[in-house]
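Per-entry structural report
One letter stands for each residue in the lines below.
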Amino acid sequence: MMRTAVLILLMLLSCPAFAQKEILYTQRQFDSDTCCWRELARSGRYLQGAALIAAYLKDGKPQRRQALYWHAGQLYALGGDNSMALRYFGKTTNILYRYLGDEDARMWYFYVNGVKAFLKRDRQKLLKIISIWKRKFLGNLNYNQLLLLSEHWDMRYAEALDLPKG
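Values in this document were obtained by computation on a predicted structure and should not be read as measured data.

Some words on the overall build of the protein
In terms of helices and strands, the protein carries 12 helices and 0 strands. Secondary structure elements of the protein occur, N-terminal to C-terminal, as α-α-α-α-α-α-α-α-α-α-α-α. Contacts spanning at least 24 positions in sequence make up 54% of the contacts within the protein whose residues lie at least 6 apart. Carbon and sulfur atoms provide 54% of the accessible area of the protein, an area that totals close to 9400 Å².

With respect to the pattern of salt bridges
Here the structure, examined in full by the defined rule, presents 1 salt bridge. Between K58 and D59 there is a salt bridge, with the nearest N and O atoms lying 3.5 Å from each other. A relative accessible area of 67% places K58 in the exposed class.

Notes on a nonpolar patch on the surface
Residues I95, L96, Y99 and L100 make up a contiguous nonpolar surface patch of about 480 Å² in total accessible area. Mapped onto the elements of the fold, I95 is located in helix α8 (residues 95-100).

Details of unusual backbone geometry
Even without glycine at this site, C36 takes up a positive phi of about 55°. Position of C36 relative to the elements: it lies in helix α4 (residues 36-42). Residues other than glycine seldom take positive phi values, yet R121 does so here, at roughly 65°. Mapped onto the secondary structure, R121 falls in the loop between α9 (103-120) and α10 (123-136).

Examining the state of the cysteines
Here a disulfide denotes a covalent bond joining the sulfur atom of one cysteine to the sulfur atom of another. Enumeration according to the criterion identifies 1 disulfide in this entry. Paired through a disulfide, C35 and C36 show a sulfur-sulfur distance of 2.0 Å. On the accessibility criterion, C36 (4% relative accessible area) is buried.

Things to note about helix α11 (residues 141-151)
Among all positions of α11, only Y143, L146, L149 and S150 are buried. Relative to the axis of α11, the buried residues are bounded by an arc of 115° and lie together on one face. Facing away from the buried side of α11 by more than 90 degrees, the exposed set consists of L141 and E151. Here the buried face of α11 lies against α9, α10 and α12 (157-160). A side-chain oxygen of the first residue of α11 lies 2.9 Å from the backbone nitrogen of N142; this N-cap is N140.

A word on the packing of helix α7 (residues 82-89) against α9
Between α7 and α9, the least distance of the axes is 10 Å, while the angle of their chain directions is 160°. On the basis of their axis angle, the class for α7 and α9 is roughly antiparallel. Relative to α9, α7 is oriented so that their crossing is left-handed. Packed against α7, whose contacting residues are N82, A85, L86 and F89, the element α9 presents V112, V115, K116, L119 and K120 at the interface. For the contact of α7 with α9, the per-class residue count stands at 6 nonpolar, 1 polar and 2 charged.

Rules and cut-offs
- Residues numbered from 1 in each chain as written.
- Predicted model: local features only at pLDDT ≥ 70, side-chain atom pairs only at ≥ 80, totals over all residues.
- Heavy atoms only, no water.
- Helix = DSSP H or I, 4+ residues; strand = E, 2+ residues; numbered from the N terminus.
- Contact = heavy atoms within 4.5 Å.
- Areas by Shrake-Rupley, 256 points an atom, 1.4 Å probe, with all protein chains shown as cover.
- Salt bridge = Lys/Arg side-chain N within 4 Å of Asp/Glu carboxyl O.
- Buried < 20%, exposed > 50% of the residue type's maximum accessible area, 1.4 Å probe, protein only.
- Patch = residues over 30% accessible without salt bridge, like charges linked within 9 Å, V, L, I, M, F, W, Y side chains within 5 Å.
- Disulfide = S-S within 2.5 Å.
- Arc of directions from axis to C-beta.
- Polar contact = N/O pair within 3.5 Å; in protein donor to acceptor, adjacent residues only side chain to side chain.
- Axes fitted to C-alpha atoms, helices over the stretch in contact; angles between N-to-C directions.
- Parallel < 35°, antiparallel > 145°, perpendicular 65-115°, else oblique.
- Left-handed = near helix turned anticlockwise from the far one by under 90°.
- Nonpolar A, V, L, I, M, F, W, Y, C, P; charged D, E, K, R; others polar.

Pasting the structure below:
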C-alpha cells in the first residue's frame, strides 16, 4: 500500500503543470466541488486525490488543515490504503475533544474513532462507540455512517458505504 502511495505521489510530482498549479490555489479553490482532489475522487481515482491533498498540505497554503486531513484519510480508505487513512484520520481529532469539547467536537471524536475502529477491524470498539453515541447524542449523518459500517462489517470501506468503484 505504501508503495502505491509513493508511486502516485511520484506521478503527480512528475507532472509539474498538474501538481504545482493546484498547490498555488487558495484552500477555497483547492477544496471546491469542481476542482482538484474532488474531481479525482468523483472519477474513482481516490489514491491520486489523497496524494494531491498530501502534497497541498505539505507545499500549499492550507488554512483548515483538519478538514484536509479528514478528506485525505477518507480518500486513502476509499482507495483501500487503510494504513495511510489511519495516519491522516489521527490528525483530525484528539482526546481533548471528548472531554473538553462542545457537543459537535465530542460527536466528531466518536465519529472519527468509529471509522478508525472499522479500518482497524476492531468491531468491539465500533459497537461501543455506537452505544455511547446512542446514549449521549442525537442521530445524524455521521452516526448513520457508523451504523452502516457496522452493518457491513465484512466489506471494505468503499463497499460498506456503497460508493461507486473507480
